[in-house]
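Architecture at a glance
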There are 2 protein chains.
Amino acid sequence: MEAEAGSAVRLKVFNLNCWAIPYMSKNRQVRMQHLGDFLNQKSFDLALLQEVWSERDFESLRQKLLPNYTWAHYFRSGFIGSGLCVFSKHPIQEIFQHTYSLNGYPYKFHHGDWFCGKAVGMLVLEIYGILVNAYVTHLHAEYNREHDNYLAHRVAQAWELAQFIQHTSRKADVVLLCGDLNSHPGDIGYRLVKEWLGLEDSYLETQDFQGCEDGCTMVPSNCFVNPREMEHFPRGVRIDYILFKAVSGFRITCESFSTTTGSGPEDTTRNSIPLSDHEALMATLSLRPAPLEQNSSSRRDAETQASLMGVLHEAWTEMGLGLAAARQWVYSTGHLFSLGLLLLFLGVGALLFEEIPWVAEALFMILGAIVLLGSGGLYLTSLHESKALYEAQAEIELAMEMAKEIQPETVELSSNSSLLRTTLQSESK
Amino acid sequence: MEAEAGSAVRLKVFNLNCWAIPYMSKNRQVRMQHLGDFLNQKSFDLALLQEVWSERDFESLRQKLLPNYTWAHYFRSGFIGSGLCVFSKHPIQEIFQHTYSLNGYPYKFHHGDWFCGKAVGMLVLEIYGILVNAYVTHLHAEYNREHDNYLAHRVAQAWELAQFIQHTSRKADVVLLCGDLNSHPGDIGYRLVKEWLGLEDSYLETQDFQGCEDGCTMVPSNCFVNPREMEHFPRGVRIDYILFKAVSGFRITCESFSTTTGSGPEDTTRNSIPLSDHEALMATLSLRPAPLEQNSSSRRDAETQASLMGVLHEAWTEMGLGLAAARQWVYSTGHLFSLGLLLLFLGVGALLFEEIPWVAEALFMILGAIVLLGSGGLYLTSLHESKALYEAQAEIELAMEMAKEIQPETVELSSNSSLLRTTLQSESK
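Heads up: these notes are all about the structure in this document. Within any chain, residue numbers begin from 1 and follow the written order of that chain's sequence. Think of it this way: whatever chain is written first is A, whatever ligand is written first is 1, and the rest follow in order. Selection of residues for local features in this predicted model requires a pLDDT of at least 70, selection of side-chain atom pairs for listing and counting requires 80 or more, and totals for whole chains, interfaces and linings are taken over all residues. Here the side-chain values reflect all heavy atoms present in the structure, with hydrogen atoms and water set aside.

**What about the pairing of strand β2 (residues 9–20) of chain B?**
Residues and elements named next belong to chain B. Across the 12 residues that make up β2, a large majority, 10, are buried. In this analysis, strands are considered paired if DSSP registers two or more bridges between them. Secondary structure is summarised from DSSP: a helix means a run of H or I of at least four residues, a strand means a run of E of at least two, and numbering begins at the N terminus for each. Note that β2 and strand β14 (residues 281–289) share seven bridges and pair antiparallel. Note that in β14 the partner of Arg10 across the bridge is Ser286. In terms of strand pairing, β2 meets strand β3 (residues 46–52) through six bridges, oriented parallel. Within β3, the position partnered with Asn17 by the bridge is Gln50. Orient the strands so they point away from the viewer, and a crossover whose first-strand-to-second-strand path over the helix runs clockwise is right-handed. In this region the chain leaves β2, passes through helix α1 (residues 28–42) and returns to the parallel neighbour β3; the handedness of that crossover is right-handed. A simple rule labels every residue: compare its accessible area, found with a 1.4 Å probe on the protein chains alone, to the largest value its type can have, and call it buried under 20%, exposed over 50%, or partly exposed in between.

Now the structure itself:
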């Protein structure tokens, strides 16, 4: 951050999904070394990283960046970690993390999200007296856009993210959200976070953009990107973001915004490999004091309000679809569990009859145990999923009721009866 | 809440751990009915409940309380639910919940905490223009005070609770924390939450107390309490609390505080059964506007500061002990996993030798599979535990560094080097 004329300050922010999975990601160590060199060379105020799955990689990076980024933190959660870490030039005053309630399924080993403990990491920094709340996150991956089994989970995560930021940033002057939302700009996940919090998108706000066409952050020209995944997106996709807002008394403009372009950062040799399968984002934000009136947008205009209500309703619906599916699984796996019990009892009961060969008895018991364990696990998973989706839906229902009441012309019900009405609606679903 | 002369308002708060476990808790339905009658009769502003494990019980209660408590919410999490719910006379404006990262072990079926998704539930209420953030929680149970296997988990939960309240209440005028902390007043869990947040304890602050001796909330005279558990505590234990603080421009006093006394609420017939195995807490708080100076205690006095540092260090140490144990489990179960793999390979390899009876082969394979599954599960559990404790320790380390810096005479290191030093310390543990 540099102090400018007219008491404005510049904040240089870097964001990258590093794709650093030990034993799986290609050229991981070389790429992490390049990343360290690049961050040292460019000297950002804040570098927020995702998918740093190995704490050793974080530690190597930390050692390397020590001269320029004195403060660092790795967010630990789940079985593997959150993959999230941050390097800062400015003292980190507070850290906190919130792990998402929902994050895929344990039996989807090949996807692995469940094991990661996806979370949102929060840092509080005070820079020249400006209180900056920076958030870094990584939402559930999208493995199949046409048949996205994780949409409800991702939307629930986006809602939790929005809620977490909303409630923890009430005293912040500046809010910064960086990360891989695994949502295109038109997707409900991105719109929910952006509209609910009133965030600005660095790519959309800047006058000076350099990088991939349409601001894409995964492009076919990147040698690590699977071309099949980009079949329907010849220019690539935009799923990584640097979002911001000034909460009070400040105005933020995005002076410049750039992305790497598939073939490594501009400053290294032309033949270098890309830093990751995602492109890095670099934003220079300018923070200026502003009269309080300019930012007091607690009463949204009618158009923004209508759009927000639409987004909330869309998120509510997606969660509802997920909830219905989860409840169906609870029902089916409950029955399967009974079948397992029956098999086990048959196996044990058969011991009373000498004429039944013991191999058959053992087979029944083993089969029973396998069905019991499997269906029991699935039952618990679906039960947990339904609880979490129901909670998120209830929270969003209340948010819709309260948002309605802000808009005077659409108030139809007294505040006392509204929550109960929606609760009843969801009860009867 | 009643408006008083001199623009003070009264807030009547009720808290109870309901002990409402379907099929397990004695006289559950009768007790829940009594609870509903009692709440209707007494007319509190806010009733915060724990251990309402069945959503049907919540729904029955909600229907019954509808005339007096128009707003209600049940916090859903984990497999069974959080057990937390709230009934309010005043409109609930916002709800949010944070599930604790650590909550016991899945293989401790008989304790069951792991399945509950213990959490802190948050409500935002605006009462006569006063912004009240109310929190309800229930920390991990203590099954054996002498050999408390869950101490590190409970301390980590207490820290997460403190962090969550700290970060989400920055714009609140009044903070209210109710619930079962499963910690005695001298225990680290209670002291950590109370001292870090600067909360006041209704029982300690009131001039007008009626109820169990020493304010105990589990007493031997309650017919549902196991006398063996109270062997070392003839008067009972105090583990449920109503804590509060005024964040800005307000002064709170606890006008009166009472507990039930084992034999049912005073207003019902003498022969009635108690409401729960815990006693209910009832506080009447008086909120008065106060000059801002009275509350601006951001710079703590030396004694409070020293006490806080002691508490933080104690919590850090407890987590460290838990972390060391968890890492030992990661190590042991990792080896057990290898043994399982070996057994499985031996079983499969034996298929090549005709002279080995197939029963032996099958036995090896089944044994291998059981060891693999068991040790794999334990490995993941311990890995998750170690990540969560490490994260909590890192957060508390930073808090200690920042707390040190508030106290000018003890600043030893520049802020830039301090986090790194502590990070290095913990790395080398």
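That covers the picture; the talk isn't over yet.
**Describing the interface of chain B and chain A**
Contacts were defined at the residue level, with two residues in contact if any of their heavy atoms lie within 4.5 Å. On the side of chain A, 60 residues touch chain B, which itself brings 61 residues to the contact. Summed over both sides, the interface of chain B with chain A buries roughly 5300 Å², with 63% coming from carbon and sulfur. By salt bridge we mean one thing: a side-chain nitrogen of Lys or Arg within 4 Å of a carboxyl oxygen of Asp or Glu. At the surface where chain B touches chain A, the tally comes to four salt bridges. Contacts described as polar in this section are N or O atom pairs within 3.5 Å, which, within protein, must combine one atom able to donate a hydrogen with one able to accept it, while residues neighboring in sequence count only if both atoms come from side chains. Remark: the boundary between chain B and chain A carries 13 residue pairs in polar contact (both at pLDDT 80 or more). Put simply, buried area is how much 1.4 Å-probe accessible surface two parts lose in total, over both of them, once they are put together.

**With respect to the relation of the copies chain B and chain A**
Mapping between the two chain copies consists of a rotation about an axis together with a translation along that axis. For the least-squares superposition of copies, only C-alpha atoms count, and only for residues with pLDDT at least 70 in both. Overlay of chain B on chain A (RMSD 0.0 Å): rotation 180 degrees, translation along the axis 0.0 Å. Each copy turns onto its partner about a two-fold axis. The position closest to the rotation axis in chain B is occupied by the C-alpha of Thr168 of chain B, lying 2.3 Å away. In this assembly the copies share their binding face: 98% of the residues contributing to the interface of chain B also contribute to that of chain A.

**Concerning unusual backbone geometry**
The general pattern is negative phi for most residues beyond glycine and trans for most peptide bonds. Residues and elements named next belong to chain B. Non-glycine residue Asn27 carries a positive phi angle of around 50 degrees. A relative accessible area of 40% places Asn27 in the partly exposed class. Residues other than glycine seldom take positive phi values, yet Asn182 does so here, at roughly 50 degrees. Along the chain, Asn182 turns up in the loop between β9 (174–180) and α4 (188–197).

**Considering helix α6 (residues 302–350) of chain A**
Residue count minus one, scaled by 1.5 Å, sets the expected span of a helix. End to end, α6 of chain A covers 72 Å across 49 residues, agreeing with the expected 72 Å (1.5 Å per residue, within 8%). N-cap assignment for α6 of chain A: the residue whose side-chain oxygen lies 3.1 Å from the backbone N of Glu303 of chain A is Asp301 of chain A.

**Some remarks on the sheet that holds strand β12 (residues 240–246) of chain A**
Taken together, the six strands give an open sheet; going across it, the order is β6-β7-β8-β9-β12-β10 (chain A), and neighbouring strands pair in mixed fashion. The open sheet has two edge strands, β6 (92–99) and β10 (200–201) of chain A, and neither has a second partner. By the bridge criterion, two bridges tie β10 of chain A to β12 of chain A in an arrangement that is antiparallel. Looking at the pairing, Glu200 of chain A lines up with Phe244 of chain A of β12 of chain A. On top of the sheet, helix α4 (residues 188–197) of chain A reaches β9 (174–180), β10 and β12 of chain A; it is set at about 10 degrees to β12 of chain A, its chief contact. Packed on one face of the sheet, helix α3 (residues 151–168) of chain B meets β6 and β7 (119–127) of chain A and runs near 110 degrees to β6 of chain A. Every axis in this analysis is a line fitted to C-alpha atoms, fitted for helices over the stretch in contact. Angles between the N-to-C directions lie between 0 and 180 degrees.

**As for the packing of aromatic side chains**
Note on aromatic contacts: the rings of Phe and Tyr and the six-membered ring of Trp form a pair at centre separations within 6.5 Å, being stacked when their planes are under 30 degrees apart, edge-to-face when over 60 apart, and tilted otherwise. For the structure shown, the criterion picks out 43 aromatic pairs over all chains. Taken together, a centroid distance of 5.9 Å and an interplanar angle of 50 degrees make the contact between Phe79 of chain A and Phe115 of chain A tilted. Of the two residues, Phe79 of chain A is situated in the loop between β4 (71–74) and β5 (85–88) and Phe115 of chain A in the loop between β6 and β7; the sequence distance between them amounts to 36 residues. For Phe115 of chain A, a relative accessible area of 12% gives the class buried. The ring of Phe224 of chain B has Arg31 of chain B sitting right over it, with the charged end atom 5.2 Å from the ring centre. Above the ring of Tyr390 of chain A, the side-chain terminus of Arg76 of chain B is found at 3.9 Å from the ring centroid. The rule for a charge over a ring is simple: NZ of Lys or CZ of Arg within 6 Å of the ring centre, and within 35 degrees of the ring normal.

**Considerations on a nonpolar patch on the surface**
All names here are of chain A. Patches here: salt-bridge-free residues with over 30% relative accessible area, like charges joined within 9 Å, nonpolar side chains (Val, Leu, Ile, Met, Phe, Trp, Tyr) joined within 5 Å. Methods summary: accessible areas were calculated by the Shrake-Rupley approach with a probe of 1.4 Å, and residue burial reflects only the protein chains presented. Residues Leu336, Leu339, Leu342, Leu346 and Phe364 make up a contiguous nonpolar surface patch of roughly 440 Å² in combined accessible area. With four residues, the top contributor of residues to the nonpolar patch is α6. Mapped onto the secondary structure, Leu346 falls in helix α6. We classify Leu346 as partly exposed; its relative accessible area is 45%.

**Observations regarding the sheet that holds strand β12 (residues 240–246) of chain B**
What links the strands of a sheet is backbone hydrogen bonding, and the strands pair in either a parallel or an antiparallel sense. Pairing within the open sheet is mixed, and its six strands lie in the order β6-β7-β8-β9-β12-β10 (chain B). Taken across any chain shown, the strands that pair with only one partner, and hence form the sheet edges, are β6 (92–99) and β10 (200–201) of chain B. Contacts from helix α3 (residues 151–168) of chain A reach β6 and β7 (119–127) of chain B, with the element oriented near 110 degrees to β6 of chain B. Here α4 of chain B sits on the sheet in contact with β9, β10 and β12 of chain B, set at roughly 10 degrees to β12 of chain B.

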